[in-house]
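Now for the letters of each chain:
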Amino acid sequence: MLKGISPLLSPELVKILMEMGHGDEIVLADAHFPAASHTSRLIRSDGITIPALLDAILPLFPLDQYVQEPLSLMQVVEGDRVETPIWGVYQEKVGSTSFEYLERFDFYERAKQAYAIVATGEKSQYANIILKKGVVLDGEDHSN
């Protein structure tokens, strides 16, 4: 156990977050996502929701400040009658940061290129999110 690090973050996930470099991406996948078939770096976070993981990850993980949209979501498939209230939850957590919306199969291809995929217990549909890592800028507090 470490001070200042959420117990929701497994040692394996903390290691992955530390290994990632600027521009690397990580997918937080909902329980419906075919995570195991899309990556060689799969982290299991069963039973944990994506909003809870975002609360644990975002204080440690700088989003890429050099791209317009450092977060990507899977678009709702045309004709699919599903609401996506979870997107509003995400927006509250990231403030004014913009999202990119990717067609389903484009999202899958992007996920295959991600540094890692975290398989969560999130049950909301279209809850998958990709985070692009930025850099810690000079003068930012590195101690918390």
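It should be noted that the structure appears before, not after, this text.
What counts, and at which threshold
The numbering scheme is per chain: residues are counted from 1 as the chain's sequence reads. Restriction of local features to residues with pLDDT of at least 70 applies here, the model being predicted, together with a cutoff of 80 or more for giving and counting side-chain atom pairs; totals for whole chains, interfaces and linings are based on all residues. Hydrogens are left out, water is left out, and the side-chain values use all remaining heavy atoms of the structure. The helix count covers DSSP runs of H or I at least four residues long, the strand count covers runs of E at least two residues long, and both are numbered beginning at the N terminus. C-alpha atoms define the radius of gyration, and 2.2 Å times the number of residues to the power 0.38 defines the globule rule. Working definition of accessibility: Shrake-Rupley area with a 1.4 Å probe, residue cover restricted to the visible protein chains. In this charge count, Lys and Arg are treated as positive and Asp and Glu as negative; neither His nor the chain ends contribute. Here the site of a charge means NZ on Lys, CZ on Arg, CG on Asp, or CD on Glu. Two rings from Phe, Tyr or Trp (for Trp, the six-membered ring) form a pair when their centres are within 6.5 Å of each other. A pair whose planes differ by under 30 degrees is stacked, one over 60 is edge-to-face, and the rest are tilted. Categorising residues by exposure relies on relative accessible area from a 1.4 Å probe, with only protein chains included: less than 20% of the type maximum marks a residue as buried, more than 50% marks it as exposed, and the intermediate range marks it as partly exposed. Here, any two strands with at least 2 DSSP bridges between them count as paired. Clockwise travel from the first strand over the helix to the second, with the strands pointing away from the viewer, marks a crossover as right-handed. To obtain each axis, a line is fitted to C-alpha atoms, and for helices this fit is confined to the stretch in contact; angles are then taken between N-to-C directions over 0 to 180 degrees. Any two residues having at least one pair of non-hydrogen atoms within 4.5 Å are treated as being in contact. For this document, the term salt bridge refers to a Lys or Arg side-chain nitrogen within 4 Å of an Asp or Glu carboxyl oxygen.

A. Broad picture of the overall build of the protein. Along its length, the protein carries four helices and six strands. Relative to the compact-globule value of 15 Å for 144 residues, the protein shows a C-alpha radius of gyration of 15 Å, a close match. Counting every atom, the protein has about 8100 Å² of accessible surface; 50% of that belongs to carbon and sulfur. Looking at charge distribution, the protein has the averaged site of its 12 positive side-chain charges lying 6 Å from that of its 21 negative ones.

B. Seen up close, the packing of aromatic side chains. The tally for this structure, following the rule as stated, stands at four aromatic pairs. Each ring, one from F33 and one from Y108, has its centre 5.4 Å from the other, and the planes form 65 degrees; the classification is edge-to-face. In this pair, F33 is assigned in the loop between strand 1 (25–29) and strand 2 (42–45) and Y108 in helix 4 (residues 104–113), connecting sequence segments 75 residues apart. Per residue, the accessibility class of F33 equals that of Y108, and both read buried. Summarising the aromatic geometry, the rings of F105 and Y108 are spaced 5.7 Å apart at their centres and angled 80 degrees between planes, so their arrangement reads as edge-to-face. With a gap of three residues between them, F105 and Y108 both fall in helix 4, about one helical turn apart. Exposure remark for Y108: the relative accessible area of 14% places this residue in the buried category. Through pairs of rings, three or more aromatic residues link up here, namely F33, F105, F107 and Y108.

C. Structural context of the pairing of strand 4 (residues 99–102). As paired strands, strand 3 (residues 71–74) and strand 4 are joined by four bridges and run parallel to one another. By the bridge assignment, L73 is partnered in strand 4 with Y101. For the crossover that starts at strand 3, traverses helix 3 (residues 85–94) and ends in the parallel strand 4, the hand is right-handed.

D. Structural context of the sheet that holds strand 5 (residues 116–120). Taken in spatial order, the six strands line up as 2-5-1-6-3-4 in an open sheet, and their pairing is mixed. Each having just a single partner strand, strand 2 and strand 4 make up the two edges of the open sheet. Strand after strand, the sheet turns through a mean of 20 degrees between neighbouring axes, direction not considered. As defined by bridge partners, strand 1 adjoins strand 5 across four bridges and the pair is classed as parallel. What sits directly across from A29, in strand 5, is A119. Helix-sheet contacts for helix 4 involve strand 1, strand 3, strand 4, strand 5 and strand 6 (129–132), and the interaxial angle to strand 3 is about 130 degrees.

E. Region of interest: the pattern of salt bridges. For the coordinates displayed, the defined rule picks out seven salt bridges. Residues D46 and R44 are paired through a salt bridge, measuring 2.7 Å at the closest nitrogen-oxygen approach. Across the salt bridge formed by D55 and K93, the nearest N and O atoms sit 2.9 Å from each other. Separated by 38 residues along the polypeptide, D55 in helix 2 (residues 50–57) and K93 in helix 3 bring together distant segments of the chain.

Limitation: the analysis is restricted to geometry and does not speak to function.
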